[in-house]
Amino acid sequence: LRQLTIQHKVLMGDVQGIIEKQTTNDTVNARGSSSYYENYHSMKEISKSKEKSKNAIWIDCGIHAREWISPAFCLWFIGHAIHVRERDRTMTTLLEHFDFYVMPVINVDGYEYTWSHPSNRLWRKSRSSHGNSKCIGTDMNRNFDAHWCGPGASHFECQEIYCGPYPESEPEVKAVARFVRDHKDIIKAYITMHSYSQLVLFPYSYTMNKSKDHEELESLAQKAAKAIKRTTWKTYRPGAGAQTIYLAPGGSDDWAYDLGIKYSFTFELRDTGTYGFLLPPREIKPTCLEALSAVKEIAQHVLQNL
Ligand code: 0X9
Ligand code: ZN
């Protein structure tokens, strides 16, 4: 665990030098309570040009506190996009057509809690309290306004899948939802990183029914999984959320999809259970490389279908 902590710190320290200080302070090093304002401004835009209203791709990480490989990917992605893009021709092309909006850690307080309280390394939820419940935390991926708190979520504060008192009750969720809503005309793909299980999921998770774009999303998820296979030989399984894992309403991917962002995906990164959330440091880089290849595959498809 100590080694993992050090590795993550090294990775973050590297990126910290690349992106603006304010952005990093608000997200990577966030301490204490997060606020709507802080979160709204802590998202990072990577752009190759100054022109306005370019089409964009949104990537967020760290909705769930314990899924450390997820924020690691977002930071690594920013570093890659900035440093390597001239040598990565696909990335260069993509950056000519898209801005990438990257939110490295949505659940800042929960994430920080898993670092500062090693006995709570497996904390999942936010750190907010509602009413006078003895239990803390809302599952941010049950707090979006997409069939909020239907079957697969819980109204009980002590549950790991507590949906919160009302949709977007969590300031971090509200901030992301507001930003995505405000930019929904330019955001052409919504990608959110979780762990673990090695899956490429797409809507719906709040119903067993297929979405109207099911076939296209399924074939794109398959292409993404094949790109991963070519990169590291790892197997990722594509599928609609509810059909592949379980019913889970109030998730960000379903919410973004119903907002009109057709290309909406949840990645469950490594591994398949050997280490689970406690992924060894040696797996960080290959996981980032394989996830990048999948993101590029999705972005290229989006570009061809604009
Ligand atoms: O249950 C979740 O929120 C995600 N799995 S995790 O193990 N990372 O917690 C899956 C999310 C799939 N999408 C939706 N439920 N909308
Ligand atoms: Zn998760």
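For the structure itself, consult the block above.
Throughout what follows, the structure given in this document is the object of discussion. (Residues numbered from 1 in each chain as written. Chains lettered and ligands numbered in written order. Predicted model: local features only at pLDDT ≥ 70, side-chain atom pairs only at ≥ 80, totals over all residues. Heavy atoms only, no water.)

**A closer look at the overall build of the protein chain**
On a plain count of helices and strands, the protein chain comes out with 11 helices and 7 strands. Taking all 306 residues of the protein chain together, the buried fraction comes to 59%. At a minimum sequence separation of 6, the contacts of the protein chain that also span at least 24 residues come to 77%. (Helix = DSSP H or I, 4+ residues; strand = E, 2+ residues; numbered from the N terminus. Buried < 20%, exposed > 50% of the residue type's maximum accessible area, 1.4 Å probe, protein only. Contact = heavy atoms within 4.5 Å.)

**Comments concerning the coordination of the zinc ion (ligand 2)**
Within the protein, the zinc ion (ligand 2) binds to His64 (ND1), Glu67 (OE), Glu67 (OE) and His194 (ND1); these donor distances fall in the range 2.0 to 2.3 Å. When the donor residues of the zinc ion (ligand 2) are listed from N- to C-terminus, their spacing reads H-x2-E-x126-H. Of this pair, Glu67 sits in the loop between strand E2 (56-61) and helix H4 (69-83) while His194 is found in strand E4 (residues 187-195), placing the two residues 127 residues apart along the sequence. Judged by relative accessible area, Glu67 falls into the buried class, the value being 3%. (Donors = N, O, S within 2.8 Å, 3.2 Å for Na, K, Ca; no water.)

**Here we look at the pattern of salt bridges**
Applying the stated criterion across every chain yields a total of 12 salt bridges. Residue Arg142 pairs with Asp139 through a salt bridge whose shortest N-O separation is 3.8 Å. One salt bridge in this structure joins Glu290 and Arg270, with 2.6 Å as the shortest N-O distance. Taken as a pair, Glu290 in helix H11 (residues 284-304) and Arg270 in the loop between strand E7 (263-269) and H11 lie far apart in primary sequence, 20 residues in all. In this structure Glu290 comes out as buried when scored by relative accessible area, which is 0%. The structure contains a network of salt bridges with shared partners spanning Arg124, Asp139 and Arg142. (Salt bridge = Lys/Arg side-chain N within 4 Å of Asp/Glu carboxyl O.)

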